[in-house]
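Chain by chain, the residues:
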Amino acid sequence: MALPTPLQAFSGVPKTHTGNDKQTIIDGERMTGAQALVRTLEDLGVQDVFGLPGGAILPVYHAINDKTKFRFTLVRHEQAAGHAAEGYAVATGRVGVCIVTSGPGATNMITPIADANMDSVPLVVITGQVGVNAIGTDAFQEADIVGATYPVVKHSYLVTRAQDIPRVLAEAHYIARSGRPGPVVVDLTKTAQTGEMYYSWPQRMILPGYNPTTKAHGRVLADAARLFAQSYRPLLYVGGGAARSNASKEVAELAEVTGAPIVTTLPARGIVPDSNPKNLGMLGMHGTVAATAAAQRCDLLVAIGARFDDRVTGKLSAFAPSARVIHIDIDPAEIGKNRAPDVPIVGDVATVLHDLIPEIKRSQAIGGKLNLKPWWDSLNALREQYTITYDEPQDQPTDGSLQPQWVVEQLSAKADPATIWVTGVGQHQMWAAQLIDFEKPHSWISSGGLGTMGFGLPAAIGASVGSARDFGGKKPVWLIDGDGSFQMCSEELATAFLDHAPVKIAILNNSVYGMVRQWQTLFYQQHYSQTNLLDGEAHSEQEEGTSEFFDVPDFVKLAEAYGCVGLRAFTEEEALAAIDKANLINDRPVLIDFRVWKDAMVWPMVAAGASNDEVTYRPGTQPLLRHADENGAVSGSTGVGTLSDAGF
Amino acid sequence: MANYPASQPGSQRHTLSVLVENRPGVLARIAGLFARRAFNINSLSVSPTERPDISRVTVTADVDEVPLEQIIKQLNKLLHVLKIVELDPNSTVERELVLIKVAANQSNRSDVLEIVRLFRVRVVDVNPESLTIEATGAEGKIDALLGLLEHYGVIELVRSGAVAVTRGPRALSEKVIGSEVTGR
């Protein structure tokens, strides 16, 4: 029996045994850890890196020079480096890589790391760290970033020896992109960066505790096919996992083979074209009535790379009450987390669907197909009756400003079909998800799980860099943002201009934090506490001078200050002209400040914590609450549809 | 579902053996996971094992089946976790070490010693005003002993947390691939 060793599991830093740090590998090219880092990224095929230098990462930045094979995009705030890497990763399917410094640089990265963790975006975040001997001494710009990010990373490393750098980076890159993708933090001590080592490639990865399952095993596929064969009201509930797995073809084929309708979550918008009649759109809090109703009434719910988020399910116990559930996900921990499945399938979505479709065809060849016409008739009726519109009298702006929904529709109608759409977080995000005509997968980048305001501009820059890398810049990038969300990372206009990321920015400027205001209107007695931004009053009010300050900031001047083109639109004619002009400019960023109505609201809506059956199509109309009226006919509720009071 | 916090009163006692890589920070990852998933545990003990590359964490918790399954799955997502086994009490030897300092003086020392003898535990320190008792055993025995000693006044008490191994000749670490990497 081997003698027990001192227990490392407790401690923070590896024990230094005598002789442990002795250089044992002497094969390969001699270089510093910093040089090895750059070389490893090149050998991993990394072509774009985002970041911002600083003291504890300087050796790495010293190693980046004109001969370096990747393009470096210098941002103005570390958070933006993370979001840009996310946008890049979602647009291209590659791993997003950022290099930032220790301490504040690293802590500024926590938000994008958490965001990437929620939305399963592959990210490798390289942070500087003080020297090994200074760790734990509260040294200048020291922060225990590995410790601070434990709850929000897929995995993390603290690298203390130069020799480990190639292996750790190879592992980090593999972990980030494989299985359920996610962020991996590599904290590089200055000791490791400056240390001498011998570089060799490829590296052998040592990951005994990491074996993601990608292929579904045995019986579950047959079980799933059997449930399909028994289902009169099947529904495919498709989530972001399907987008990460590149499964749009398989999802469309499954819908075709089974005849089942498709509803998608926010990150899966575009996975199947909106022109596909099987696609009922987004479900959940701000989803279409047809999609939400389909989930509530189906008898078989097939969750594909989706995680039963509360924004989708509403009150969990009332979600899809009569459905049996097939849950396909690469992460075993998602299965049964919120809803117990009847058939759990662990595996990569595309692989599983590829194997499942023949199984279903086989079962159909024996048992035939059930008639889904009644199911489709009921859904089509809802789809036609409760389309997302904004033409009611209460939707008309009272102050002469633009309708935000109309702006989104015009942007969509006039844009290049290859456009990548990026948003911030808030009302504009929901309108974009509802009203943009998505025809291609990977054309939608938004912050879903974490709901990070300020995500938009840096993510759009990342998407633009990705478009230049993989699509020859032929995919234009439109950012639809809110005035509040945009201001959280507006300094990145400098990056967009100087690093040649010609993003087109549409600010739906309603001069308030619109989504918060909507909740204040509905649930907090119109008490508009701290939601007025005064950065975009409507034309008419501006003339009257009802407020002391206007337009702080002036977005047009802000854009021009950063070298970008700034346009403003108060009227529909101005808006159309500005969109046309923006679509023609491809050499620099363009920003359009659309002055929209602050009282416009996102409908339909399910109040937080309420059942999806209580979805409010319009104030006063809750079509899924069925009751018998005087004539005995069953109809949707049109009574006083009060949204129940609830918290965010 | 989603019945967090996962530990409810009245749930059954479960013992998990978690084999982890013996690397710095592993315990922090595991403890942090329990905390953020609102999973209350009764005891947690970590120790080296027969293999230098593997440490073993023994966790006991009062928890229902469904949240337990979720916690096992979440633990499995940690890359440093190599293997998790829920130990069946029928085929497991479980022990806990307890040190109890009892306020025993001249008048009642012999009564305490009688209890010590009955439970076949040991006295490891004697003082005119106290007795320190070392007891090992399964949880039931320890609890019974404490119940009796409480009466005399327990000055200080420390429990090691349960450790457990399966009966028979096999090791949990069989076929588990470890790693020679010692860094984080």
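Quantities reported herein were computed from a predicted structural model and do not represent experimental measurements.

Asks: Even after reading the chapter, I still don't get the overall build of chain A, so can you show me in this structure?
Replies: Assigned secondary structure in chain A consists of 24 helices and 22 strands. A compact globule built from 648 residues would reach a C-alpha radius of gyration of about 26 Å, and chain A, at 26 Å, matches this within 12%. Projected onto its principal axes, the C-alpha coordinates of chain A cover approximately 90 × 70 × 45 Å. Taken across its 648 residues, chain A has 56% of its residues classed as buried. Considering only residue pairs separated by 6 or more positions, chain A has 76% of its internal contacts joining residues 24 or more positions apart.

Asks: Would you mind going over the overall build of chain B with me for this structure?
Replies: Assigned secondary structure in chain B consists of four helices and nine strands. When the helices and strands of chain B are placed in sequence order, the string is β-α-β-β-α-β-β-α-β-β-α-β-β. With respect to the three principal axes, the spread of C-alpha positions in chain B is 55 × 40 × 30 Å. Across the 184 residues in chain B, those meeting the buried criterion constitute 31%. A separation of at least 24 residues holds for 79% of the contacts in chain B among residues at least 6 apart in sequence.

Asks: Even after reading the chapter, I still don't get the UniProt feature "domain: ACT" (unreviewed entry) in chain B, so can you show me in this structure?
Replies: UniProt tags residues 15-89 of chain B as "domain: ACT" (unreviewed entry). From the first C-alpha to the last, residues 15-89 of chain B spans 8 Å; its make-up is 32% helix and 39% strand.

Asks: Is there a simple way to think about the interface of chain B and chain A in this case?
Replies: A common way to state how big an interface is: give the accessible area lost once the parts meet. With 37 residues of chain B in contact, the opposing surface of chain A contributes 35 residues. Only strand 1 (13-21), helix 1 (26-36), strand 2 (43-48), helix 2 (65-77) and strand 4 (81-87) of chain B provide two or more residues apiece to the side of chain B that touches chain A. The leading source of residues in the side of chain B that touches chain A is helix 1 of chain B, at six residues.

Asks: Explain the confidence of the model for chain A to me, please; I cannot follow it from the model alone.
Replies: When pLDDT is low, close inspection of the predicted coordinates is not appropriate. All names here are of chain A. On average, residues of chain A score 92 in pLDDT, and 92% of them reach the 70 mark or higher. Scored below 50 in pLDDT, residues 628-642 makes 18 contacts in the model with residues more than four places away or belonging to other chains. In the predicted structure, residues 644-648 sits below a pLDDT of 50 and forms eleven contacts with residues beyond four places in sequence or in another chain.

Asks: Whenever I open this one, helix 16 (residues 404-414) of chain A confuses me. Can you help?
Replies: An α-helical turn contains 3.6 residues, so a residue and the one three or four places further along point in the same direction. Of all the residues in helix 16 of chain A, the buried ones are Pro404, Gln405, Trp406, Val407, Val408, Gln410 and Leu411 of chain A. On the buried face of helix 16 of chain A, the contacting elements are helix 17 (427-435), strand 17 (477-482), strand 18 (504-509), helix 24 (572-584) and strand 20 (590-595) of chain A.

Asks: I tried to follow the sheet that holds strand 3 (residues 54-62) of chain B on my own but got confused; where do I start?
Replies: Strand pairing in a sheet takes place through backbone hydrogen bonds and is either antiparallel or parallel in direction. Residues and elements named next belong to chain B. Strand order in the open sheet made by the four strands is 2-3-1-4, with antiparallel pairing throughout. At either margin of the open sheet sits one strand with a lone partner, and together these are strand 2 and strand 4. Neighbour to neighbour, the strand axes of the sheet diverge by 15 degrees on average, direction disregarded. Sheet topology places strand 2 next to strand 3; six bridges connect them, and they run antiparallel. Paired with Ser45 across the bridge in strand 3 is Thr58. Each of strand 1 and strand 4 touches helix 2; the most contacted strand, strand 4, lies at about 160 degrees to it.

Asks: Mind showing me how you'd approach the UniProt feature "domain: Thiamine pyrophosphate enzyme central" (unreviewed entry) in chain A here?
Replies: Following the UniProt record, the feature "domain: Thiamine pyrophosphate enzyme central" (unreviewed entry) maps to residues 222-356 of chain A here. Secondary structure across residues 222-356 of chain A divides into 33% helix and 20% strand, with the first and last C-alpha atoms of the span separated by 8 Å.

Asks: Just to check I follow, could you spell out unusual backbone geometry for this structure?
Replies: Among all residues except glycine, the phi angle is most often negative; among peptide bonds, the trans geometry is most common. All names here are of chain A. Cis geometry is found at the peptide bond from Trp201 to Pro202, where omega equals 0 degrees. Locating Pro202 in the fold gives a position in the loop between strand 8 (196-199) and helix 9 (219-229). One non-glycine residue, Ala320, adopts positive backbone phi at about 40 degrees. Ala320 sits in the buried class, given 23 other C-beta atoms within 10 Å.

Basis of the calculations
- Once a new chain begins, its residue numbering starts again from 1 and follows that chain's sequence as written.
- Note on labels: chains are lettered from A, ligands numbered from 1, in written order.
- The predicted origin of the model limits local features to residues at a pLDDT of at least 70 and limits the giving and counting of side-chain atom pairs to 80 or more, whereas totals for whole chains, interfaces and linings rest on all residues.
- Secondary structure elements follow DSSP: runs of H or I of four or more residues count as helices, runs of E of two or more count as strands, with numbering from the N terminus.
- We compute the radius of gyration over the C-alpha atoms and compare it with the globule rule, which gives 2.2 Å times the number of residues raised to the power 0.38.
- Buried residues are those with 20 or more other C-beta atoms within 10 Å of their own C-beta, exposed residues have 12 or fewer, and partly exposed residues lie in between; C-beta atoms are placed from the backbone.
- It is the C-beta atoms, placed from the backbone, that decide contacts: two residues are in contact if theirs lie within 7 Å.
- UniProt positions are given in the numbering used here, feature names are shortened, and annotations may be inferred rather than shown by experiment.
- pLDDT is defined as a per-residue confidence score from the predictor, taking values between 0 and 100.
- In this description, strands pair whenever DSSP reports at least two bridges between them.
- Axis definition: a line fitted to C-alpha atoms, limited for helices to the stretch in contact. Angles are taken between N-to-C directions and run from 0 to 180 degrees.

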